[in-house]
Amino acid sequence: MTTMTLNRKELCGMIGKNIPMQELQDTLFELGLETEEANGDEATFEINQDRPDLLSVEGVARLLRFHYGIDKKMHIPAVRKSGLTFVVEGGMQKIRPYIVGAVVRDITITDALIKSLMQIQEKLHGSFGRDRRKGAIGIHDFDKISGSTITYKAVDPDGDDFVPLGKKERMTLRRALREHEKGGKYGYILEGFSSLPTIYDDDEIFSFPPIINGAKTEVTTRTRNLLIEVTGEDRNTIERMLNIVLYLLSDRGGGIYSVTVRAGGKTEIQPRFKAESMRLPSGYVNTILGTNFSISRICSLLDKSGLGHKLSNKDIVVLVPPYRVDILHKRDLVDDIGRAYSFNRMRPTYPKTQTIGELSANTKFNWEVREILVGFGFQDLLNFMLTDKESNYRKMNIEDDGKAVELGNPYSEQYTIVRTWLLPSLMEVLSNNTNRQYPQNLSEVGQVMELDEEKNLGCTESWRAAAVLCGVDAQYNNIKSELQAIASAFGTEIKTPPTKHLSFIEGRCASVIIGNKEVGVIGEINPVVLKRWGIEMPAATFEIEVDALR
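Predicted model, so just to flag it, every value in this text is computed and none were measured.

Digging into empty space enclosed by the protein
On inspection of all chains with the given rule, the structure shows 1 cavity of 30 Å³ or more. The computed volume of the largest cavity comes to approximately 50 Å³. Forming the walls of the largest cavity are Arg51, Asp53, Leu54, Gly59, Arg62, Leu63, Ser305, Tyr323 and Arg324. Looking at the lining of the largest cavity residue by residue, the class counts come to 3 nonpolar, 2 polar and 4 charged.

Have a look at this one:
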């Protein structure tokens, strides 16, 4: 989840309507932005990762202008020709293959706009752009660029030099990676390449993506025309990042001008402002929401959501503007319609079925295990199933076994795989609470997943129970006593033969056997693991299969 701080007065000025802070918070909450903190005219909101268009005050203002009916219809900015050409040389294909861009003319650059541009860059880089690897944005003073051709090419790290932003002396690319703070932070993206990506005008390098722009094209309050370039490893990502930035600048009064991109013998025009169309049956909307909206009512709610529409027989064809990257299915459209109407206005009703739902037997048993753990003094947790390989493997001092289910298109580098066990989740909570009072005794009953070619879905999903004691008295004997008591509560006996596991101290670790089956592990956490998580207290823990307690 990404956060963003907004100033109420600035936001209301862009909306054209004075909205009291409480109403603003309530309205944005209904639209999916939850208030994290509010102080005077400043408020910090949580923004879902799938709505990068809301990572600026301009984006939130646009959302509210549609919601309040100030903007009536979906808008696609006019695009005129700039006469500028991007030429991509062949050596870029294996390094950082894609570049898109546009020119924005006749825009008034204020300190507030510079701040907003810096914020949208930072937020998009960190979320949608995966810390600049998948996509990185460069914003330049267009009037300082020489010529009408921009060349995107790979060069030797010691072959040419430029003045990086924030510096006064010329540096080679290698030196910029070594000495500039951005080089130290993002240089890992270019590790292993003998040539590095650069962007040239007719005279020299003016950008070193995805590391740092050149000082030559620095944007100031005297700038009137901008060049936007976005480079990256994924074409779809950088096109969408470009569209989001261009809509921001269009909302600020800038005129959008296209560029011609020539790469690999092909020519294309950027930006590509095209509204995607999705067919939406009115009956589908009412079935999902439990409403009885007419087609005209649905269309008015689509207008309120900033979505376009046209009628086709009895269906509505919804037009999705270029900055909305979150709409992948017609269910997403229904969600927007529900928010525009307000879910709080909908009356809950019983479904028209012959039965009344209840918890499954498995869920009831999981709750019973959870209650037993709480009864023994553990604090119950509910962590995300998604994690990353760093947490799941390296921080736990074990090798990647290749069993993790990986996400094809994760929104964040923090959540790239489905966890294969629970203990890393407990360690992360302990790591985040080192300033809290000890002892900290935590537990979780949750799901894990591993790849399994023998299953129809290609993976196995199972429920585990895990608990950890963290404090000066956290020892093997203590956690074993807890596990024995928990097993006894379910009429089960355990055996704990010694074993070796790199997450645990050798000689203070055992397998958990119930019946004749190995169902888990128990022991004292290895100091190497504690250090990697930044935990200074000893910890003892166990993790077992829930079904083994039945």
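Points about unusual backbone geometry
Here Pro209 and Pro210 are connected by a cis peptide whose omega angle stands at 0°. You can see Pro210 is positioned in the loop between β11 (205-208) and β12 (212-213). The step from Gln270 to Pro271 runs through a cis peptide bond, and the omega angle for that step is 0°. Mapping Pro271 onto the fold places it in the loop between β15 (266-270) and β16 (276-281).

Regarding the state of the cysteines
Scanning the entire structure with this criterion turns up 0 disulfides. Unpaired in terms of disulfides, Cys470 finds its nearest cysteine sulfur in Cys509, a separation of 17 Å. Residue classification places Cys470 among the buried residues on the basis of a relative accessible area of 1%.

Considering the sheet that holds β16
Spatial strand order, β16-β18-β17: 3 strands in an open sheet with antiparallel pairing. Each end of this open sheet is capped by a strand with a single partner; those strands are β16 and β17 (308-312). Each neighbouring strand pair of the sheet contributes to a mean axis angle of 30°, computed without reference to strand direction. Looking at chain direction, β17 and strand β18 (residues 315-320) are connected through 5 bridges and run antiparallel. Each residue of the ladder has a partner; that of Gly308, found in β18, is Leu319. Across the face of the sheet, helix α10 (residues 330-341) comes into contact with β16 and β18 while running at roughly 75° to β16.

Criteria and thresholds
Residues numbered from 1 in each chain as written. Predicted model: local features only at pLDDT ≥ 70, side-chain atom pairs only at ≥ 80, totals over all residues. Heavy atoms only, no water. 1 Å grid on protein atoms, 1.4 Å probe; cavity = no way out; pocket = protein on both sides within 12 Å on 5 of 7 lines; lining within 4 Å. Points joined across faces, edges and corners; volume = space filled by probe spheres on them. Nonpolar A, V, L, I, M, F, W, Y, C, P; charged D, E, K, R; others polar. Helix = DSSP H or I, 4+ residues; strand = E, 2+ residues; numbered from the N terminus. Disulfide = S-S within 2.5 Å. Buried < 20%, exposed > 50% of the residue type's maximum accessible area, 1.4 Å probe, protein only. Pairing = 2+ DSSP bridges. Axes fitted to C-alpha atoms, helices over the stretch in contact; angles between N-to-C directions. Contact = heavy atoms within 4.5 Å.

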